Amino acid sequence: MSNRSPASEELQTARLSLRRPIEADIDAIFAIHSDPGTCLHNPSDALARPEEARELYQRWNDQWHSCGYGYWVVRPHNSALRLGFCGIKPMDLNDLKVLNLFYRFATSAWGHGFASEAATAVTSWASRHIPDLPLIARVRPANTASQRVAVRAGLTRAEHLDGTGYDGFNWIYTAKPQD
């Protein structure tokens, strides 16, 4: 099943440029996903070898081809510095088709509001371009920083959807439907 919609491979915020990943981003994918701090709450996402970053990039690229959306590379305006990644992917949650909001940033980018700014842009994009799929974020109960990002992006707790994920129990946050 394809959820093709008008692709927007670039998003802009006040401070950030978000663009579709390219092969030149594989080193940044590895650097960010191999840092123990960035995968502390999701250890199954940690990468140990550079070839795993290439495989992850290929999955992201395949999703862009099949869906017309995916994860974006987040950079400051007019900079090559990759702060992290933020985007959406289709998945099933309790037999419901949803979009999962993902954000992972280099530890050096933490505490500056970049994740919240990027997640807000992606949430807004998803509500305009894929309104038929509910948007959720899966967050570990101990990951208070990620919880704050979800809330700042406009999501609210949906305790009735909480459940076990790959790396433990997930709290689920959902975007409010647009009127």
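Reading the values: the criteria
- Residues numbered from 1 in each chain as written.
- Predicted model: local features only at pLDDT ≥ 70, side-chain atom pairs only at ≥ 80, totals over all residues.
- Heavy atoms only, no water.
- Helix = DSSP H or I, 4+ residues; strand = E, 2+ residues; numbered from the N terminus.
- Rg over C-alpha atoms; globule rule 2.2 N^0.38 Å.
- Buried < 20%, exposed > 50% of the residue type's maximum accessible area, 1.4 Å probe, protein only.
- Areas by Shrake-Rupley, 256 points an atom, 1.4 Å probe, with all protein chains shown as cover.
- Phe/Tyr/Trp six-rings, centres within 6.5 Å; stacked < 30°, edge-to-face > 60°.
- Expected span 1.5 Å × (residues − 1).
- Contact = heavy atoms within 4.5 Å.
- pLDDT = per-residue confidence, 0-100.
- Polar contact = N/O pair within 3.5 Å; in protein donor to acceptor, adjacent residues only side chain to side chain.
- Axes fitted to C-alpha atoms, helices over the stretch in contact; angles between N-to-C directions.
- Parallel < 35°, antiparallel > 145°, perpendicular 65-115°, else oblique.
- Left-handed = near helix turned anticlockwise from the far one by under 90°.
- Nonpolar A, V, L, I, M, F, W, Y, C, P; charged D, E, K, R; others polar.
- Pairing = 2+ DSSP bridges.
- Right-handed = clockwise from strand over helix to strand, strands pointing away.

Things to note about the overall build of the protein
In step 1: Helix and strand counts for the protein stand at four helices and nine strands.
In step 2: Starting at the N terminus, the α and β elements of the protein follow one another as β-β-α-α-β-β-β-α-β-α-β-β-β.
In step 3: Relative to the compact-globule value of 16 Å for 179 residues, the protein shows a C-alpha radius of gyration of 15 Å, a close match.
In step 4: In the protein, which comprises 179 residues, the share counted as buried stands at 49%.
In step 5: Working note: accessible area of the protein is about 9100 Å², and carbon and sulfur atoms make up 52% of it.

A word on the packing of aromatic side chains
In step 1: Summed over the entire model, instances satisfying the criterion amount to seven aromatic pairs.
In step 2: When the ring of Tyr 71 is compared with that of Phe 102, the centres are 4.6 Å apart and the planes differ by 15°; the resulting orientation is stacked. Taken together, the residues Tyr 71 in strand S3 (residues 71–76) and Phe 102 in strand S5 (residues 96–105) connect sequence positions 31 residues apart. In terms of burial, Tyr 71 and Phe 102 fall into one category: buried.

Topic: helix H2 (residues 50–67)
In step 1: End to end, H2 covers 26 Å across 18 residues, agreeing with the expected 26 Å (1.5 Å per residue, within 8%).
In step 2: Burial in H2 covers these residues: Glu 52, Ala 53, Leu 56, Tyr 57, Trp 60, Asn 61, Gln 63, Trp 64 and Cys 67.
In step 3: Those residues of H2 that are buried lie in contact with helix H1 (26–33), S3 and strand S4 (84–93).
In step 4: Gly 68 sits one or two residues past H2 and shows a positive phi near 85°.

Focus: the confidence of the model for the protein
In step 1: Per-residue confidence for the protein averages 93 on the pLDDT scale, and 94% of its residues sit at or above 70.
In step 2: The low-confidence segment residues 1–6, where pLDDT is below 50, has 19 contacts with residues more than four positions distant or belonging to other chains.

Section: the environment of Gly 70
In step 1: Tracing the backbone shows Gly 70 in the loop between H2 and S3.
In step 2: For the pair Gly 70 and Glu 55, spaced 15 residues apart in the sequence, the C-alpha separation amounts to 15 Å.
In step 3: With residues near it in sequence (within four places) discarded, Gly 70 still touches Gln 63, Trp 64, Gly 87 and Ile 88.

A short note on the side chain of Thr 123
In step 1: On the secondary structure map, Thr 123 appears in helix H3 (residues 114–129).
In step 2: Among the polar contacts made by the side chain of Thr 123, one reaches the main-chain carbonyl oxygen of Ala 119 at a distance of 2.8 Å.
In step 3: Setting aside anything within four residues of it in sequence, one finds Thr 123 in contact with Leu 101, Leu 135, Ala 153 and Leu 155.

Describing the packing of H1 against H2
In step 1: Taken N-terminus to C-terminus, the directions of H1 and H2 make an angle of 115°; their axes are 8 Å apart at the nearest point. By the angle between their axes, H1 is roughly perpendicular relative to H2. In this structure, H1 meets H2 at a crossing whose hand is right-handed. Taken together, the residues of H2 that come into contact with H1 (itself represented by Ile 26, Ile 29, Phe 30 and His 33) are Pro 50, Ala 53, Arg 54, Leu 56, Tyr 57 and Trp 60.
In step 2: In terms of residue class, the contact of H1 with H2 is built from eight nonpolar, one polar and one charged.

Remarks on the pairing of S5
In step 1: For S5, the buried fraction is high: eight of the 10 residues fall into the buried class.
In step 2: Bridge count for S4 against S5 is 10 bridges, and the pairing is antiparallel. Counterpart to Asp 92 in the pairing with S5 is Lys 97.
In step 3: The hairpin turn running from S4 into S5, its antiparallel successor, is two residues long, and Asn 94 in that turn takes a positive phi close to 55°.
In step 4: Here two bridges tie S5 to strand S6 (residues 135–139), and the two strands are oriented parallel to one another. Note on S6: the bridge partner recorded for Leu 99 is Leu 135.
In step 5: With H3 bridging S5 and the parallel S6, this β-α-β connection has right-handed handedness.

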